[in-house]
Amino acid sequence: MKELEQITASRRGFLGLATGGAALALGAGQPARAAQVRTNARILILGAGAGGAAIANRLSERLDGAEITVLDGRPQHWYQPGFTLIATGLRKADYAITSTEQWLPRGISYINEYAAELDPEANRVTTTGGTRIEYDYLIVATGLVLDWDAIEGFDLNMVGPENGISAHYASPELAELSWHAMDKFTSEGGVGMFGRPATEMKCAGAPVKLCFMAEDIATTKGNRDKCEFVYNAQATNLFGVPVIHHRVRQIMDERDITYRYQHVLKGIDLGAKTATYTTAEGDVTDTWDFINVIPPQRAPQVIRDSGLSWADRWTDQGWIEVDMQTLRHARYPNVFGIGDIDGVPKGKTAASVKFHIPVVEDHLVSEIAGREGTRIYDGYTSCPLITRIGRAMLVEFDYHDNLTPSFPGLIAPLEELWISWLMKEVALKATYNAMLRGRA
């Protein structure tokens, strides 16, 4: 155990902190605090999710005299890595719900509204309540929005066992309703449809996890022969990292899960229980008894209207134009991005957020102190890819699709292991909470 803790302390991975996450949350083994920097800078943080709360805590520790404001209209904080566990019956909705305000540090200003207008030329944000906030530095940590309207014929009111529809990305409550739909399907049988949108998305491994878990649940119930599982991949692979794609394909072959490439959900017909997919050969329509709906994902409209988005990349999605290593905006040097909103090739996971935070902190504090920042983000992304209840693969990778395991020689990233499952199901939340507090 001591050897494992030593390796944990030396490795960089988010889930590599899982063994020590509980200790961090309790305040043990924390690194020495960096010296404070005196400033009267006005820092505005858009969003109080994982990235916004964590950077607010870090900056409140590092900066003496700064005027820090956090703007977020949702009073609840959602632990989104838990949504898959809720949608597969392992947790209730309240597992993922806390108060937004409880994670924010004392001494900052919290405004429970959203941004209605953002003017990076004037260094000003106007809230939905009409308040104007001027800033010296802006940190965009808004997350993304789920474009449910892009799925023709779909409405969130359809989610639940009566219709056989799951939409576990929507909220903790709808993730729990999604479980009841999956529970009914895996008991009664039929055709289950899974897949993901063609846009960038948060936790791109989640659709695969849900498919694997549903198949395992049906098998455990003794109903596997009554169920057909179809996974619709949006591209010509099942996972964007080639070595992980091949391993996922191997598992799907072993478990008789049908997979189809370049199938993107276009719309559903609830009455007919059909789904239409856009494919390279044209639209195709299939029947289903259960379907997990995941819509296109985009930047919030206020960000897309602000001029911060890329002009020539992800133009249908609106991610902000930040340098992929420093996460600093390419055209507005007093603007930084954290989390899903960043227009970088990888990094829309909570694990990525953990590694965005010290980079943004370093470059912002360094500028205030009159020096150059040195930290860089290399695309680190972690996906605890659950393959069945009690087994997962701890896959971690960077911008270049290199595997970056936290426990080399101890935990093989492409093997289905109990310890990898334990990190996701038990230890991850403690690490996540420590991150929110600025301590991991």
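Residues numbered from 1 in each chain as written. Predicted model: local features only at pLDDT ≥ 70, side-chain atom pairs only at ≥ 80, totals over all residues. Heavy atoms only, no water.

Caption draft 1: Geometry of the domain arrangement of the chain. According to the domain assignment, the chain consists of domain 1 (37-144 + 299-369) and domain 2 (148-297). Between domain 1 and domain 2 lies a buried interface of about 1900 Å² when both sides are counted; carbon and sulfur atoms form 67% of it. Linking domain 1 with domain 2 are 0 salt bridges, by the criterion used here. Where domain 1 packs against domain 2, one counts 4 residue pairs in polar contact (both at pLDDT 80 or more). Among the elements that make up the side of domain 1 that touches domain 2, the one with the highest residue count is helix 4 (residues 83-87) (4 residues). (Domains from an automatic or database assignment. Buried area = accessible area lost by both parts, 1.4 Å probe. Salt bridge = Lys/Arg side-chain N within 4 Å of Asp/Glu carboxyl O. Polar contact = N/O pair within 3.5 Å; in protein donor to acceptor, adjacent residues only side chain to side chain. Helix = DSSP H or I, 4+ residues; strand = E, 2+ residues; numbered from the N terminus.)

Caption draft 2: View of the sheet that holds strand 4 (residues 67-71). Read across the open sheet, the 5 strands follow the order 7-4-2-11-22; overall the sheet is parallel. Edge positions in the open sheet fall to strand 7 (109-111) and strand 22 (335-337), since each of these has one partner strand only. The mean inter-strand angle of the sheet, taken between neighbouring strand axes irrespective of direction, is 20°. In terms of strand pairing, strand 2 (residues 42-46) meets strand 11 (residues 137-140) through 4 bridges, oriented parallel. Across the sheet, residue Ile-45 finds its bridge partner in strand 11, namely Ile-139. In this fold helix 3 (residues 50-62) packs onto strand 2, strand 4 and strand 11, with an angle of close to 160° to the strand it touches most, strand 2. Where helix 9 (residues 350-369) meets the sheet, its contacts fall on strand 2, strand 11 and strand 22, and the angle it forms with strand 11 comes to roughly 175°. (Pairing = 2+ DSSP bridges. Axes fitted to C-alpha atoms, helices over the stretch in contact; angles between N-to-C directions. Contact = heavy atoms within 4.5 Å.)

Caption draft 3: Expanded view of the pairing of strand 19 (residues 284-287). Where strand 18 (residues 274-278) lies against strand 19, 4 bridges are found, and the strand directions are antiparallel. Looking across to strand 19, one finds that Ala-275 is bridged to Asp-286. Following strand 18, the chain reverses through 5 residues before pairing antiparallel with strand 19; Gly-282 in that reversal takes a positive phi of roughly 115°.

Caption draft 4: Focus on the nonpolar core. Core analysis: the largest hydrophobic core is formed by 133 residues, its most contacted members being Ile-43, Phe-154 and Ile-291. A per-element tally of this core places helix 9 first, with 10 residues. Setting aside its immediate chain neighbours within four residues, Ile-43 contacts Leu-59, Leu-63, Ala-66, Glu-67, Ile-68, Thr-69, Tyr-137, Ile-139 and Leu-364. With 5 residues, the next largest nonpolar core counts Leu-394, Phe-407, Ile-411 and Met-423 among its residues. (Core = buried A, V, L, I, M, F, W, Y, C linked by side-chain atoms within 4.5 Å. Buried < 20%, exposed > 50% of the residue type's maximum accessible area, 1.4 Å probe, protein only.)

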